[in-house]
Structure formats: structure tokens, C-alpha cells
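Chain by chain, the residues run as shown.
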Amino acid sequence: MKLLFGNKKNDLLSLLKKQDPAAQKIFYEQNVKRFLSVSKSYVSDLYQAEDCLIKAFCKIFKHIESFRGESNLESWARRIVVNECLNFIKSHKTVFYLDEINQSFHEDIHEPEIDCDFNAQELLDQLPDAYRMVFNLYVLEGYSHQEIADTLQISMAVSKTQLFRAKEKLRKIYFQQQKKVKNENV
Amino acid sequence: MKTSKDNMEWQIKKQMEEREITPSRDLWSEIELQNSSNRPRLQVNWILIAACFLLTFGLGSVFFFLNQPSETQPENVKKTAKNNEEEIIKVPVQNNIPLAVENNNKKEVKKTLSEDNKEVISPVAVGQNKLLPKEMVPIKKLEIPQISNPRLMAKADSLKTPVKKKKYVDPSTLLFSVEHKDVIEKTKDGSNVATTIDLNAK
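These numbers were taken from a predicted model, which means no experiment stands behind them.

### What to know about the overall build of chain B
Assigned secondary structure in chain B consists of 9 helices and 0 strands. Along chain B, from the amino end to the carboxyl end, the secondary structure elements read α-α-α-α-α-α-α-α-α. Looking at chain B residue by residue over its 202 residues, the buried ones come to 14%. Roughly 17600 Å² of accessible area belongs to chain B as shown, and the carbon and sulfur atoms make up 61% of that amount.

Printed below as a string of C-alpha cells:
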């Protein structure tokens, strides 16, 4: 009751460290929808995304004592969810990373402005796994190229290439969708 | 000035951060199941069960070996025999005190009866001579059947029995008995018939 009305994060954390089932359920209910959204952005299939989330929650509750409070509990838990999704992709799918391209080629792209009216998940679902992983880690999680390289065990140059190609691919998909909509209206 | 590229990334990030997806199935029950199977309580229980098992096994083995009869039984027989002897010797010493009191009374009576005869009768000596043989002999007989293994006692007794001596026959008497077999058989029958032995006849 105290947790429900008081909403004290320290109390919740201390109870989570004691493996209290009520506290675990409260933490689950507070975060399940957002974490499922994160999981779905990496794993396009909803059922598989839910499986990843179950494993991630189990890991969170199991290793909660290793959380030292240096960062926010939610961001720590979100990182576990992301890692679980990456492990799932690595173990269940073969990911190909394309060769590097010139750095100068990255910057010289000029595209017309994009409307806000588009579905981000639909765009992300059409990306290859390698592109999507790098794009999500860079854009959504705020990782640096060095961190991405360490996490995915690739070079920084490959990480940059994947990000460039991912953005390019997203734009292509977006404009193709826009053309389809215009043709349908005409 | 925002480029289209920045705008797209920003739009995607904004949409993904605001989005919430409700699970299509009951994830909590599955998490709870996996959590309960991974909890350390079960491990503690297993350790407790193992400890209890070891404790009971250890205690059982200790009691079993304590209750088991020892293999060196002949020694026990000897010891019990010795103990009986010791008891026999010790018991009269314990009973000396009351005996002495009784004898003192007797002595006083004797003194009153015959004051002239001032013979000092030692109470301990009288008590030992008169009472010990009568009272203590039955105690001996009662204690002997308490020996645990009668078989071994029997074996021990059999060892003490003297071995039969071999009878050696003198060759001349043997020859005589063979030559005068008929006469000897007649004497065995019990008839006291006097017979004459003709030593010259063959």
C-alpha cells in the first residue's frame, strides 16, 4: 500500500532487492508497456518481443542486487531489455554487416522535408536486422559508435556505415510510401 | 536550420519514446513461474534436506556400531569370570560394618553371661567365619547365569578337560593274550573256573 500511494523509488528498490513479489509486480506493471515498445523496436515479431521481455524481467529481478544506484533504475532495466533483444537477434538470425563506405559520402545528402505523419514502427520493421540494431542503438538509446562497436562486436567504421545505410533505407521507404498515398488519392 | 534527416530521426525517436504496447498475453504469470523456479529458497531447502539425511545416517550408523556385539568374546568370558571373583571378594567387605555391629551386641551378651572368662572375641573374625559361607554362596550361584554366551563358556570348559591318555600294550602280554585267547574269553564270561594252562603244549 505504501508503494502504491507513496511511490517512493528507494522503498521499491529495497523491496526489489529483498525479492519481494509484490514489489516485483508493481515494477512490472509500471514498465511493461514501455519496455515492450522498446523490445518491439528491435524484434519486429510481437510474440518474440514478448519472449525477450519475459527473459529480461527475470534477469532484472535476479540481478537487482548488482544495481548500485549510479543511474536510474528504469534506464538500467531498459538496458537489460535492449541487451536481451540483441542476444535474441544474434542467436536466432544471421546478421550481415556490409563493407565500409567513405566518410565524405555520409554527409553530402540533402533530402526534402519529411512530414510528421508517418508510422515509425512500420518503417523500422522494413529495415534489415543489422541496420535496425545500429540505428536503434544510436538514435533511440543514444549509444556512441564506440559503444555500438563494443556491443555488437564490430568496428566503429562498420557501425557508421550501417547507420548511414539505415537512414538512407528509411528515407527510401518513406518516400515510396508517400508516392503510393499520392497515387491512391489521384 | 533543421535538415530533413534530423527531422526524421527526431520524429522516429519521439514516436518510439511516447509509444506504449500492451502485451497480448499474460506475461506476469510466466515471469512469476520462472522467478519461483530460480529463487534461492529451494536451494536452501535442498541443503537442509541433505543435512538432515546425513545427520540421521550418521546417528544411525553410530547406534548400530555401538549396539553390535564385539568379536572378542572369549576375552569377555574371562573378564566376567574375573569380575565375579572380584565381586565375591568385595561384597563381604561392604557388609562388614553391620556384621560388626551385630557381633558387638553378641559380645556384650557374652560378656554379661560370663564375666569371669574375659576372653576377647574379635568381632570381625567371628563375623567372617560364621556369616560369609552361608550368605555369600547363593550370590555366586545367581551371578553365574548372567554370562552372555553359554556356548563359549562350554567351549572354554571343554578346553580344560584332560585329554585321554593313550594305552600302550606290552608286546609280551599281547602275545600271551593271542595264544591263550580261549581261556581269556572264558574268564570274561564271569565263570570262575580255574583253568590250567599248559605252557608246553602248542
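### Details of the nonpolar core
Among the nonpolar cores identified, the biggest contains 63 residues, and Phe27, Tyr42 and Phe57 of chain A together with Ile12 and Ile31 of chain B are the most heavily contacted of them. Of all the elements, helix H5 (residues 73–92) of chain A adds the most residues to this core, at 10 residues. Here this core spans two domains, and each of domain 1 (8–92) and domain 2 (120–184) of chain A adds at least three residues to it.

### Comments concerning the interface of chain A and chain B
At the interface, 40 residues of chain A touch 25 residues of chain B. The junction of chain A with chain B conceals about 3400 Å² of combined surface from both sides, 62% of it contributed by carbon and sulfur atoms. Linking lysine 167 of chain A and glutamate 9 of chain B is a salt bridge whose minimum nitrogen-to-oxygen distance equals 2.6 Å. On the surface where chain A and chain B come into contact, there are 11 residue pairs in polar contact (both at pLDDT 80 or more). Top contributing element to the side of chain A that touches chain B by residue count: helix H3 (residues 21–42) of chain A, with 11 residues.

### Focus on a nonpolar patch on the surface
All names here are of chain B. A cluster of nonpolar residues, Leu55, Leu59, Val62, Phe63 and Leu66, forms a patch on the protein surface that exposes about 530 Å² of accessible area. Looking at the secondary structure, you find leucine 59 in helix H3 (residues 40–67). Classification of leucine 59 as partly exposed rests on a relative accessible area of 45%.

### Some details on the confidence of the model for chain B
Residues and elements named next belong to chain B. A residue-level look at chain B finds 39% of positions with pLDDT of 70 or above and a mean pLDDT of 66. Here residues 91–97 is a poorly scored stretch, pLDDT under 50, and it has 6 contacts once near neighbours within four places are set aside; other chains count. Here residues 116–132 scores under 50 on pLDDT; set against residues more than four positions off or in separate chains, the count is 15 contacts.

### Some thoughts on helix H10 (residues 156–185) of chain A
For H10 of chain A, with 30 residues, the first-to-last C-alpha span of 44 Å sits near the 44 Å given by 1.5 Å per residue. Buried within H10 of chain A are the following residues: Val158, Ser159, Thr161, Gln162, Leu163, Phe164, Ala166, Lys167, Leu170, Arg171, Ile173 and Tyr174 of chain A.

### Topic: the pattern of salt bridges
A complete count under the given rule lists 8 salt bridges over all chains for this structure. For glutamate 84 of chain A, the salt bridge identified is with lysine 59 of chain A, shortest N-O distance 2.9 Å. Here glutamate 84 of chain A is found in helix H5, whereas its partner lysine 59 of chain A is found in helix H4 (residues 46–62), with 25 residues between them in sequence. The exposure class assigned to lysine 59 of chain A is partly exposed, which follows from its relative accessible area of 37%. Where arginine 25 of chain B meets glutamate 30 of chain B, a salt bridge forms, and the shortest distance between an N and an O atom there is 3.0 Å. When its relative accessible area of 18% is taken as the criterion, arginine 25 of chain B is described as buried. Several salt bridges share partner residues, and in doing so they unite Glu50 and Asp51 of chain A together with Arg25 and Glu30 of chain B into one network.

Calculation notes
- Residues numbered from 1 in each chain as written.
- Chains lettered and ligands numbered in written order.
- Predicted model: local features only at pLDDT ≥ 70, side-chain atom pairs only at ≥ 80, totals over all residues.
- Heavy atoms only, no water.
- Helix = DSSP H or I, 4+ residues; strand = E, 2+ residues; numbered from the N terminus.
- Buried < 20%, exposed > 50% of the residue type's maximum accessible area, 1.4 Å probe, protein only.
- Areas by Shrake-Rupley, 256 points an atom, 1.4 Å probe, with all protein chains shown as cover.
- Core = buried A, V, L, I, M, F, W, Y, C linked by side-chain atoms within 4.5 Å.
- Domains from an automatic or database assignment.
- Contact = heavy atoms within 4.5 Å.
- Buried area = accessible area lost by both parts, 1.4 Å probe.
- Salt bridge = Lys/Arg side-chain N within 4 Å of Asp/Glu carboxyl O.
- Polar contact = N/O pair within 3.5 Å; in protein donor to acceptor, adjacent residues only side chain to side chain.
- Patch = residues over 30% accessible without salt bridge, like charges linked within 9 Å, V, L, I, M, F, W, Y side chains within 5 Å.
- pLDDT = per-residue confidence, 0-100.
- Expected span 1.5 Å × (residues − 1).

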